[in-house]
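# Chain and residue survey
Residues per chain are reported as follows:
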Amino acid sequence: MHAVTLNNGVEMPILGFGVFQIADDQTQQAVEAALAAGYRSIDTAAAYGNERAVGAAIAASGIPRDQLFVTTKLWVQDAPAEANTRRAFDASLAHLGLDHVDLYLIHQPFGDYYAQWRAMQELNREGRARAIGVSNFAPDQLLDLIINNDIVPAVNQIETHPFRQNVEYQELMRAEGVQLESWGPFAEGKNGLFSNEVLTAIGAAHDVSVAQVVLRWMIQREIVVIPKSVDPGRMAQNIDVFGFELTEDEMARIAELHTGQSQFFDHADPEMVRWLSARRLES
Ligand code: NDP
């Protein structure tokens with residue numbers, strides 16, 4: 001599997017498997033199928049409620065731990081956030097049945113995320129989280145965190161797909177040593193992504209699907225992708241993106257699909273801030 005090297009030297013597969021919105025009772029089967037299809041990077045989160053099932057699939061696979069890259073995420077914590085971050089991390093490890101994760105992310109830029117980050121820096125120094133990063137951080141939030149802390153986040157996982165390309169933001173992250181990881185690479189099919197004319201035409205030229213074009217386009221931009229599917233046929237398709245290359249002209253045509261609009265919600269929308277900040281996980 002092709003990999004990117006994070007800012008602390010840790011290697012991360014450029015393509016992995018996301019498990020958001022896979023029901024807990026379907027997740028073990030889905031992750032086992034993904035591992036059988038060749039995926040070696042799995043992206044989960046405490047908030048997805050399926051860490052146990054991910055752990056069960058990893059255990060059942062028999063794949064040596066050092067050949068896997070496991071990411072999970074910390075949900076918003078109450079005060080005292082440093083102690084609660086450590087508790088939440090311990091719970092995630094216990095659910096996953098692991099003694100370390102490869103990447104631990106702050107899931108949302110809400111609450112006392114400075115205290116959360118301090119605790120995560122410790123977890124990183126202790127070797128229990130090989131790399132640490134953030135998710136859904138806007139440029140100002142990311143830069144502020146970088147400027148005022150010791151460890152630069154290895155990754156920022158943000159909504160990135162043909163309609164929201166984050167080209168300028170990627171330049172900023174690159175300059176700061178932060179790897180861009182896309183969530184929602186297909187925009188979950190919104191805005192007609194799978195029947196988009198430009199993507200369909202490019203797919204036809206290479207005899208591949210729209211999904212493969214989208215993933216290949218991001219990989220050529222050096223963006224880490226974690227597509228989700230519960231369908232073994234689509235899992236196989238989504239990982240089969242290393243046997244063709246998009247031309248400069250095709251990359252330029254995809255660049256024109258950018259609208260800048262989120263297909264989901266705006267993290268700066270006061271209603272979303274209220275909703276996300278109020279949510280707490282059961283331990
Ligand atoms: P995606 O953009 O990956 O879209 C998933 C949808 O596309 C599913 O409905 C799936 O259906 C369908 N699909 C997958 N492959 C194909 C294909 N080849 N052809 C046609 N349809 C296909 O959405 P996600 O929101 O799941 O994003 C991916 C991952 O990113 C998540 O699983 C999660 O790990 C992460 N994420 C992180 C967030 C964050 O806040 N940090 C927020 C959202 C996601 P089916 O399953 O039936 O194949």
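Structure shown above.
Read on for an overview of the structure. Please read these numbers as outputs of a predicted model, since none were measured by experiment. (Residues numbered from 1 in each chain as written. Predicted model: local features only at pLDDT ≥ 70, side-chain atom pairs only at ≥ 80, totals over all residues. Heavy atoms only, no water.)

### Some thoughts on unusual backbone geometry
Rules: Helix and strand assignments follow DSSP, with helices taken as H or I runs no shorter than four residues and strands as E runs no shorter than two, numbered in order from the N terminus. Relative accessible area decides the class of each residue, using a 1.4 Å probe on protein chains only: under 20% of the type maximum gives buried, over 50% gives exposed, and in between gives partly exposed.
A cis geometry characterises the amide bond from Ala79 onward to Pro80, with omega recorded as -5°. Checked against the element boundaries, Pro80 lands in the loop between β5 (69-74) and α3 (81-96). A positive phi angle is found at Asn136, which is not glycine, with a value near 65°. Note on placement: Asn136 falls in the loop between β7 (129-135) and α5 (139-147). On the basis of relative accessible area, Asn136 is assigned to the buried category, the value being 11%. For Ala187, which is not glycine, the phi torsion reads 50° and is therefore positive. Its place among the elements puts Ala187 in the loop between β9 (179-183) and α7 (197-206).

### A few points about the side chain of Gln165
The condition that has to hold: Should any heavy atoms of two residues lie within 4.5 Å, those residues are considered in contact.
You can see Gln165 is positioned in the loop between β8 (155-159) and α6 (167-176). Filtering out sequence-adjacent residues up to four positions away, Gln165 remains in contact with Thr160, Trp217, Arg221, Ile254, Ala255, Leu257 and His258.

### Regarding α7
Cut-off, in case you're wondering: Picture the helix axis, draw a direction to every C-beta atom, and the arc is the one those directions span. Polar contacts, as counted here, are pairs of nitrogen or oxygen atoms within 3.5 Å of one another; within protein the pair requires one atom able to donate a hydrogen and one able to accept it, and residues that are adjacent in sequence qualify only if both atoms are side-chain atoms.
When α7 is considered as a whole, its buried residues turn out to be Leu199, Ile202 and Gly203. Viewed along the axis of α7, the buried residues span an arc of 100°, placing them on a single side of the element. In α7, the exposed positions that point more than 90 degrees away from the buried face belong to Glu197, Ala204 and Ala205. The elements touched by buried residues of α7 are α8 (210-220) and α10 (248-255). The N-cap of α7, judged by a side-chain oxygen 3.0 Å from the amide nitrogen of Val198 a few residues on, is Asn196.

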